[in-house]
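What follows is the residue order along each chain.
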Amino acid sequence: CEYAAVTHKWSAGVHVFILFLLPIALQQLSQFWYSDATALVLAEEALREAGPTGRIACVACPTAYHKLRSIKPESCQAVVLEYDERFKQYGEDFVFYDYNKPLQLPDTVQKQSFDVVLADPPFLAEECLEKTAQTIQFLTRGKVLLCTGRVMGELASKLLGVHECLFQPQHENNLANEFRCFVNYESQLNDPSKVPPNR
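About the cut-offs
Residues numbered from 1 in each chain as written. Predicted model: local features only at pLDDT ≥ 70, side-chain atom pairs only at ≥ 80, totals over all residues. Heavy atoms only, no water. Helix = DSSP H or I, 4+ residues; strand = E, 2+ residues; numbered from the N terminus. Buried < 20%, exposed > 50% of the residue type's maximum accessible area, 1.4 Å probe, protein only. Contact = heavy atoms within 4.5 Å. Pairing = 2+ DSSP bridges. Right-handed = clockwise from strand over helix to strand, strands pointing away. pLDDT = per-residue confidence, 0-100.

Mapped onto the fold, glutamate 45 is located in helix 2 (residues 36–50). Glutamate 45 gets classed as buried once you look at its relative accessible area, which sits at 0%. Setting aside anything within four residues of it in sequence, one finds glutamate 45 in contact with Leu145, Tyr185, Ser187, Gln188 and Leu189.

Set out below in structure tokens:
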């Protein structure tokens, strides 16, 4: 059914399942927001690696982009590649992105034009990671900061040469899957003395 979605709750000691109608288009736009602390850590990491005059692409991670936008100097350029057109509010920094068409990007987005690519594939599926990886490889000059489920670590390493960090991203609402951060460079996110508490 193209409109079906299921939730559940406890009522008078009985586990009740509730069927409600939600257009598939809206389900596809559901967002899992990082905690404010996680968004700050990721934004600071991207800025530190890109430098004050660098360029940063945030692929499908608008909360990290929002935080980055608030702390970066004007000399640093950051864009957000996102399917959810609610983020058009960011004007020229918004780039419409559909992971099913990983290389279908506007002419303003040039190959290997970003010092750091921070990405969070929208779905926990091999196909999604594989296609998002194509976008990342097109965009990056080298540095990749990837957030995804821990279960995707082996594939992420194969596709992008990344390894798991000590830092563990957190979301406003806890996710059922273990979520991790991966990088392909020497990062402070792997330094026990500098990794903040998971929160």
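Additional details are given in the paragraphs that follow.
Next up on the list: the pairing of strand 3 (residues 55–59). Two faces belong to every sheet, and in a regular strand the side chains alternate between them. Taken across its five residues, strand 3 has four buried, putting it largely inside the fold. Looking at chain direction, strand 3 and strand 4 (residues 77–82) are connected through five bridges and run parallel. Paired with alanine 57 across the bridge in strand 4 is valine 79. Read as a crossover between parallel neighbours, the route from strand 3 over helix 3 (residues 62–71) to strand 4 is right-handed. Here strand 3 pairs with strand 6 (residues 114–119) via four bridges, running parallel. Counterpart to valine 59 in the pairing with strand 6 is alanine 119.

Right, let's get into the confidence of the model for the protein. When the pLDDT values of the protein are averaged, the result is 84; 80% of them are 70 or greater. Here residues 1–30 is modelled with pLDDT under 50, and outside its nearest four sequence neighbours on either side it reaches 38 contacts, counting other chains as well.

Tracing the chain through its elements places proline 102 in the loop between strand 5 (94–96) and strand 6. Ignoring anything within four residues of it in the chain, the contact list for proline 102 reads Tyr97, Lys131, Gln134 and Thr135.

Looking now at helix 3. Residues of helix 3 that are buried include every one of Pro62, Thr63, Ala64, Tyr65, Lys67 and Leu68, and no others. Here the buried face of helix 3 lies against helix 2, strand 3, strand 4 and strand 6.

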